[in-house]
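Okay, here's what each chain looks like letter by letter:
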Amino acid sequence: MVLRRTLAVMLAAAAAVNASTFDVTFTTAGHNVPSTLYGLMYEDINHSGDGGLYAELIQNRAFQQVTPGTSAALTAWAALGSAKISVVASSSPVSSALPNALSFAVPSGTTSTVGFTNSGYFGIPVTAGWTYTGSFYYRTPTPPSTKVSGSFTADLRSTSGTVFTSTTVPFTTSSTWQQATFTFTASSTQSAVTNLFALSVGGSTVAGLTMEFTLISLFPPTFNGRTNGFRMDLSETLLDMKPAFFRFPGGNNLEGETAADRWAWENTVGDLVDRPGRVGDWGYINTDGLGLYEYLQWIEDMDMQPIMAVYAGYSLNGASVASNDMQTYITEAINQINFVIGDASTNAQAAIRSSMGHPDPFTLNYIEIGNEDFFSPTTYADYRWADLYNALHAEFPQLHYIATSATSGNVPSLSPAPTYWDLHIYSNPNFFVNGAYNFDILSRNGLQFFQGEYATTTENSGAALTYPFIDGSIAEAAYMAGFDRNSDIVFAASYAPLLNHVSSTQWTPDLITFSPNTVIRSTSYYVQQLYSLYKGDFYLTSTTNTASSPVQWSVTRDTSAGQYFLKVINTATSANTVVFTLPFTPSHTTGTGTILTAASGTQNTPTNPNAAVPSSFSFTAGKTITYNAPGLSLSVLVVTA
Ligand code: AHR
């Protein structure tokens, strides 16, 4: 709900506290704000990909990377009726990438319904009007001499067996793999997500048969209607931020526990039957159904640009690839980039992209070489950075390369000296309030900074956070005033982690928490959103306050709209007044502002998702604007010249 409040109301409230006044004068001098400044950092953590952004509803759909015969191999699956199910290594797999299958054995003499169910990624949403699109592969390893034909029933049902939508899917026994496809449409919305997908058949039809199934898939409608696409509500939540970039695929999830486990682009493209998946770095198996192509297509649909990482020879077990083994990874990185921007008529990797539906190159400007290579700074400085940078720069001189470990001024420095450097920081509110000036003191020597990960992860006491809280979010807003002010050397910044499935969390807090049918925007989400929406294209230099001030501000301009964005961040719990003196008289005497504020400790949670949301207000605009900022607030005042 958007509330409206007047400046008079805020001034009255502020009169009760002992407020300080900050006088801010700005001129028309300043610097451009890079269009890349505010975007998203993404990796598959907290089921943000599989079970999250990836709209696939069936968990463990192709039994990838599991050990046949184990109970873990059956994650999310259960038998219906007297059928026996297990995961087997198929004697004739559907593809070399997918060696396993679900074995479905029906005892002789069975007459009642048999089948199997999948419980989804911790639930399956049933939404009225949604048409679900499903498919699966099946075969009968030892078919009866007389072919058996019949129909499976595919449905969505409650755990107690109430069917919400269903359809029939004809089949005929055959030892070779067949693919079946189907759709069904839900006519009701279920508030509970503890639903099941079921595939069942009359027992007398299949009594005595053993069948195999794999790549059992079910999609709801997707963002932009893409096949194998992204979840709509999460995409729209991100789109509401107007993010400029998408950093992917990691984060730790790039690196693998070992080099063999790394995210390798070539395993994530082409037909889904040719994607083996991998053991991800956050404790669950990645299907790689969201592969390089799907990410790039969605990034394009979302009007973002990629900041794409390449594996740089360091993995989470702490081992670095030896210098004389680097060529494998250099070639892999070159091929990865060619997949994205190569000429499809001359380059084999680009031809794969074209065959998937995108003959033209995707937009690509930034390549990140590794992730957090300060964990192995010596090998990065000795050869990994140089080997990759030199080879990639020679092949793609038009691209910008981002280093992830120390540059000059720290030890060790890198050669060739990078122009772009990714910094990460997770800390407490005090750090971010006091750190608002961190970039002001850096020399302007050509080095551009990417604050690729940052978040308030603890209270000042050190207590860990499950969800962002307003105190931390406003502290991040103060820190971000430093990004606006220093956007001559800070070219990009992104909060991390981005997404969290409420039923499978590896890291807290996160910008957005979701369940199969809900999305919770945190207080930090709204801070990111306000900075991104009111980024402007030009920063106007103003009088600055001191490092100990509880109040930060930033003035930017949208030049073509003739609008000025006055951001005020009050990190104190009591109100403070800022008096802006403008270098022009506004054309409108009333301006509109947006404020995020809440009592200390406020969090948006699954049980109280809207505890703090932005509200709009009007204010009197003149050559001087007096604004009383409530305690713990981020306000954006829009002034039209
Ligand atoms: O954002 C969570 C993790 O924090 C990232 O995977 C890693 O880059 C950092 O250590």
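Here the structure is a predicted model, which is why all the values come from computation and not from measurement.

1. As for the sheet that holds strand 9 (residues 149-158)
- The strand order across the open sheet formed by five strands is 4-7-12-9-10, and the pairing between neighbours is antiparallel. Each edge of the open sheet is held by one strand with a lone partner, namely strand 4 (77-80) and strand 10 (163-172). Averaged over all neighbouring strand pairs, the angle between strand axes comes to 20°, with direction disregarded.
- With nine bridges joining them, strand 9 and strand 10 adopt antiparallel strand pairing. Each residue of the ladder has a partner; that of F152, found in strand 10, is V169.

2. Description of the site of the ligand
- Looking at the ligand, the residues that line it are E43, G251, N252, W282, N371, E372, Y426, E453, P497 and W507.
- Within the side chain of E43, an N or O atom sits 2.5 Å from an oxygen atom of the ligand.
- Protein burial of the ligand: of its 280 Å² of free accessible surface, 93% is covered by the chains.
- Considered class by class, the residues forming the shell around the ligand number four nonpolar, three polar and three charged.

3. Section: the packing of aromatic side chains
- According to the stated counting rule, one finds 59 aromatic pairs in the structure shown.
- Between Y42 and Y295 the ring centres are 5.4 Å apart and the planes differ by 55°, which places this aromatic pair in the tilted class. Highlighted residues: Y42 in the loop between strand 3 (40-41) and strand 4 and Y295 in helix 4 (residues 292-301), separated in sequence by 253 residues. You'll find Y42 and Y295 in the same group, each marked buried.
- Both rings, one in F432 and one in Y479, keep their centres 5.0 Å apart while their planes meet at 80°; by these two values the pair is edge-to-face. Linking F432 in helix 8 (residues 429-434) with Y479 in helix 9 (residues 470-485), this pair joins segments that are 47 residues apart in sequence. The same class applies to F432 as to Y479, namely buried.

4. As for the environment of G30
- Along the chain, G30 turns up in strand 2 (residues 21-32).
- Classification of G30 by relative accessible area gives partly exposed; the value is 37%.
- Here the alpha-carbon distance between G30 and A322, two residues 292 residues apart in the chain, equals 47 Å.
- Filtering out sequence-adjacent residues up to four positions away, G30 remains in contact with F538, Y539, L540 and T541.

5. With respect to the side chain of S48
- Secondary-structure assignment places S48 in the loop between strand 3 and strand 4.
- For S48, a relative accessible area of 1% corresponds to the buried category.
- Here the side chain of S48 touches I45 through a polar contact of 2.7 Å, landing on its backbone oxygen.
- Excluding anything up to four places from it in sequence, S48 contacts Y42, E43, L53, Y284, L499 and F514.

6. Focus: the nonpolar core
- By size, the foremost hydrophobic cluster in this structure holds 103 residues, and its most contacted members are L292, W298, I367, I369 and L392.
- When near neighbours in sequence (up to four residues on either side) are disregarded, L392 contacts V310, A333, I334, I337, I367, I369, P397 and Y401.
- Judged by nonpolar contacts, the second largest core, of 40 residues, contains V66, A186, V206 and F213.

7. Details of the environment of W421
- Within the secondary structure, W421 is located in strand 20 (residues 420-427).
- When the C-alpha positions of W421 and Q448 are compared, they lie 6.4 Å apart, and in sequence the two are 27 residues distant.

8. A word on the sheet that holds strand 13 (residues 210-219)
- Judged by pairing direction, the sheet is antiparallel, and its five strands sit side by side in the order 5-6-13-8-11 without closing on themselves. Two strands bound the open sheet, and with one partner strand each, they are strand 5 (84-89) and strand 11 (178-185). Between one strand axis and the next, the sheet turns by 35° as a mean value, whatever way the strands run.
- In this sheet, strand 13 lies alongside strand 6 (residues 100-105) in antiparallel orientation, the contact comprising four bridges. Note on strand 13: the bridge partner recorded for L102 is F213.

9. With respect to helix 5 (residues 327-341)
- With 15 residues, helix 5 extends 21 Å between its outermost C-alpha atoms, agreeing within 8% with the 21 Å of an ideal straight helix rising 1.5 Å per residue.
- Of all the 15 residues making up helix 5, eleven are buried; the element is thus mostly covered by neighbouring parts of the structure.
- Listed in full, the buried residues belonging to helix 5 are Y329, I330, E332, A333, I334, Q336, I337, N338, F339, V340 and I341.

10. Focus on the pattern of salt bridges
- Considering all chains together, one arrives at 16 salt bridges under this definition.
- The partner of E212 in a salt bridge is R139, with the nearest N and O atoms 3.0 Å apart. Taken together, the residues span a long stretch of sequence, with E212 in strand 13 and R139 in strand 8 (residues 131-139) at a distance of 73 residues.
- Overall, E212 belongs to the buried group, its relative accessible area being 6%.
- E453 serves as the salt-bridge partner of R247, at 2.9 Å between the closest nitrogen and oxygen.

The rules behind these values
Residues numbered from 1 in each chain as written. Predicted model: local features only at pLDDT ≥ 70, side-chain atom pairs only at ≥ 80, totals over all residues. Heavy atoms only, no water. Pairing = 2+ DSSP bridges. Helix = DSSP H or I, 4+ residues; strand = E, 2+ residues; numbered from the N terminus. Axes fitted to C-alpha atoms, helices over the stretch in contact; angles between N-to-C directions. Near = heavy atom within 4 Å. Polar contact = N/O pair within 3.5 Å; in protein donor to acceptor, adjacent residues only side chain to side chain. Areas by Shrake-Rupley, 256 points an atom, 1.4 Å probe, with all protein chains shown as cover. Nonpolar A, V, L, I, M, F, W, Y, C, P; charged D, E, K, R; others polar. Phe/Tyr/Trp six-rings, centres within 6.5 Å; stacked < 30°, edge-to-face > 60°. Buried < 20%, exposed > 50% of the residue type's maximum accessible area, 1.4 Å probe, protein only. Contact = heavy atoms within 4.5 Å. Core = buried A, V, L, I, M, F, W, Y, C linked by side-chain atoms within 4.5 Å. Expected span 1.5 Å × (residues − 1). Salt bridge = Lys/Arg side-chain N within 4 Å of Asp/Glu carboxyl O.

None of this, on its own, says anything about what the molecule does.
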